[in-house]
Amino acid sequence: MKKIAVIMTLFVLFCATVNAAPGNNPPPVQYEKGVVLQVSPLDKAMQKEYFMGQGELVTIQLTSGPETGKTVDTFNYVSGRSPYEIKVNQGDKIIVAISNDMGRTTYHVSDFDRFDYVYVLLGIFVLCLVVFGSIVGVKSVFVIAFSTLLIFQFFIGQVIAAKINLTLLTLAVSAVIAVVTQITISGATIKSYAAILGTVGGVAVAGILSIAAIKLMHLNGLDTEEAMMLKATLLPAVDFEGLLFAGMVLGALGAVMDVTISISSALWEVKQVKPTATVRELFATGMNVGRDIMGTMSNTLILAYTGSALPLMLLIAAQKNVSMLKILNLNMIVTEIARAMTGSIGLICAIPLTALISAYMMKNKS
């Protein structure tokens, strides 16, 4: 037995050494676009060639990369029992995984090529903004592009680098987005400055509540499969509690900006019509406008979070024999509730803040 154990140990060490050698790393998989030319069932000869019984032979023409125009055949496994299988039809645009192992190039159906339709939706979105919004629509396109680039090019890069505290980074990014958005859309006016201050105040309230919720409820940020995969494989050093805080704050930012600019713009127009309006009158008007907005915008946040968590809700509803005490205290459940509540409270608190700030800043302006 000792000899067998020694032999097995040496064999494992040999395999680990071979796999770790620089020249034995598997070659990277290359992904290119393609279009399905033909889908046909496998005959018995093909089944023996591919060693598979369930599936189909797919003829693909590559439409990108160095082999553009090349036609290849590949086996696509389809059993009909898994939701993750990719069932293709003639004319479908797909992503082809190309690998080269020991001088043999193989091609496989990786996924559908969906992003061309994303470009179509983006084009319709931009067109609607420009046509119906005129110059404001053009400004809206700019601020959307700016916010997207700031988050993807700067914020996510800093999160991966893990050199800056995520709480400070999130608040700074939120403030920059609020300033650029409000000034670009409404100009460098009092109503823009009032909306910015109201947004910062509302987001600060949401941020404080988010920190308290994360600490008191012992939330760890690992409420989704993506977060757990990142923690286990790619980004173990990332502060996932801080990432959860960032998600809560950024998720509420857009709704808070919407509310604050609505209130400050309304008070600006009231002041133009009635220059003698006092601070008390302006504040009361702002609160009246805010109350009308409050219910619908809070409901908007709740519905947005509910829509994103709909599969989770169905999973809960399907568990008839599981204790509700256990379900309601799950990390993923409490995280979604905390996300919705902190954002809604921040939005509600932004209303009186914006009304008060706007009233004082506009009291002597006509």
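Following the criterion strictly, the structure yields 2 aromatic pairs and no others. When the ring of Phe115 is compared with that of Tyr119, the centres are 5.1 Å apart and the planes differ by 80 degrees; the resulting orientation is edge-to-face. Of the two residues, Phe115 and Tyr119 are both situated in helix H3 (residues 115-161); the distance of 4 residues between them amounts to about one turn of the helix.

Once that is clear, we can look at the nonpolar core. Counting 44 residues, the largest nonpolar core has Phe155, Val259, Ile263 and Leu347 as its most contacted members. Counting residues per element, this core draws most heavily on helix H7 (residues 240-273), at 13 residues. With near-sequence residues (within four places) excluded, Val259 lies in contact with Ile293, Met297, Leu347 and Ile351.

This brings us to the sheet that holds strand E3 (residues 71-76). Pairing in this open sheet of 5 strands is antiparallel, and the strands run E3-E2-E1-E4-E5 from one edge to the other. Two strands close off the open sheet at either side, each with one partner strand: E3 and strand E5 (104-112). On average, each strand axis in the sheet is tilted by 45 degrees relative to the strand beside it, whichever way the strands run. Two elements, strand E1 (residues 30-41) and strand E4 (residues 93-101), share 6 bridges in a ladder whose sense is antiparallel. What sits directly across from Lys33, in E4, is Ile95.

For Ser210, the position within the fold is in helix H5 (residues 190-216). Separated by 2.7 Å, the side chain of Ser210 and the backbone oxygen of Ala206 make a polar contact. In this structure, Ser210 is in contact with Phe245, Met248 and Thr342, ignoring residues within four places of it in sequence.

Attention shifts here to the packing of H5 against H7. Two elements in contact, H5 and H7, have axes separated by 7 Å at closest approach and are oriented at 150 degrees. Of the possible angle classes, the one that applies to H5 and H7 is roughly antiparallel. Judged by the twist between their axes, the crossing of H5 over H7 is right-handed. Looking at the contact of H5 with H7 residue by residue, the classes come out as 15 nonpolar, 8 polar and 3 charged.

Time to look at the pattern of salt bridges. Counting across every chain of the model gives 8 salt bridges. Here Arg114 and Asp111 are joined by a salt bridge, their closest N and O atoms 3.0 Å apart. Among the ionic pairs, Lys274 bridges to Glu281, the shortest N-O distance being 3.6 Å.

A word on the environment of Ala206. In this fold, Ala206 is placed in helix H5. Overall, Ala206 belongs to the buried group, its relative accessible area being 4%. In this structure, the C-alpha to C-alpha distance between Ala206 and Ser344, residues 138 residues apart in sequence, is 8.0 Å. Apart from residues no more than four positions distant in its own chain, Ala206 is found in contact with Thr342 and Gly346.

Glancing now at a nonpolar patch on the surface. Where nonpolar side chains cluster on the molecular surface, the patch consists of Phe125, Val126, Val130, Ile135, Val136, Val138 and Ile144 and spans about 540 Å² of accessible area. By secondary structure assignment, the location of Val130 is in helix H3. In this structure Val130 comes out as partly exposed when scored by relative accessible area, which is 35%.

Another aspect to go through is the pairing of strand E2 (residues 56-62). The buried fraction of E2 is high, at 6 of 7 residues. Here E1 runs beside E2; their pairing, made up of 7 bridges, is antiparallel. Paired with Gly34 across the strands is Leu62, a residue of E2.

Criteria and cut-off values
- Chains are numbered independently. Their residues run from 1 in the order of the written sequence.
- Note on the predicted model: pLDDT of at least 70 is required for a residue's local features to be given, and 80 or more for side-chain atom pairs to be given and counted; whole-chain, interface and lining totals, by contrast, use all residues.
- The side-chain numbers reported here are obtained from all heavy atoms of the structure, hydrogens and water having been left aside.
- Each Phe, Tyr or Trp ring, with Trp reduced to its six-membered ring, pairs with another whose centre is within 6.5 Å; inter-plane angles below 30 degrees give stacked pairs, above 60 give edge-to-face pairs, and intermediate values give tilted ones.
- The helix and strand labels rest on DSSP assignments: H or I over at least four residues marks a helix, E over at least two residues marks a strand, and numbering proceeds from the N terminus.
- Only buried Ala, Val, Leu, Ile, Met, Phe, Trp, Tyr and Cys residues count toward a nonpolar core, and they belong to the same one when joined by side-chain atoms within 4.5 Å.
- For every residue, the accessible area obtained with a 1.4 Å probe (protein chains only) is divided by the maximum for its type, and the residue is called buried under 20%, exposed over 50%, and partly exposed between those limits.
- In what follows, residue pairs with any heavy atoms lying within 4.5 Å of each other are defined as contacts.
- Pairing between strands requires that DSSP locate at least two bridges from one strand to the other.
- Convention adopted: a line fitted to C-alpha atoms gives each axis, helices being fitted over their contacting stretch, and angles between N-to-C directions are expressed from 0 to 180 degrees.
- Counting of polar contacts relies on pairs of N or O atoms within 3.5 Å, with two restrictions inside protein: one atom must be capable of donating a hydrogen and the other of accepting it, and residues adjacent in sequence are counted only when both atoms are side-chain atoms.
- In this scheme, roughly parallel covers angles under 35 degrees and roughly antiparallel covers those over 145, while 65 to 115 is roughly perpendicular and the rest are oblique.
- Here a crossing is taken to be left-handed if its near helix is turned anticlockwise relative to the far helix by less than a right angle, and right-handed if that turn runs clockwise.
- Here the nonpolar group is Ala, Val, Leu, Ile, Met, Phe, Trp, Tyr, Cys and Pro; Asp, Glu, Lys and Arg are the charged ones; every other residue, Gly included, is treated as polar.
- Salt bridge criterion: a side-chain nitrogen from Lys or Arg within 4 Å of a carboxyl oxygen from Asp or Glu.
- Exposure above 30% relative accessible area and no salt bridge define the residues that can form patches, which grow by joining like charges within 9 Å and nonpolar side chains of Val, Leu, Ile, Met, Phe, Trp and Tyr within 5 Å.
- A 1.4 Å probe and the Shrake-Rupley method give the accessible areas. Residues count as covered only by the protein chains that appear here.

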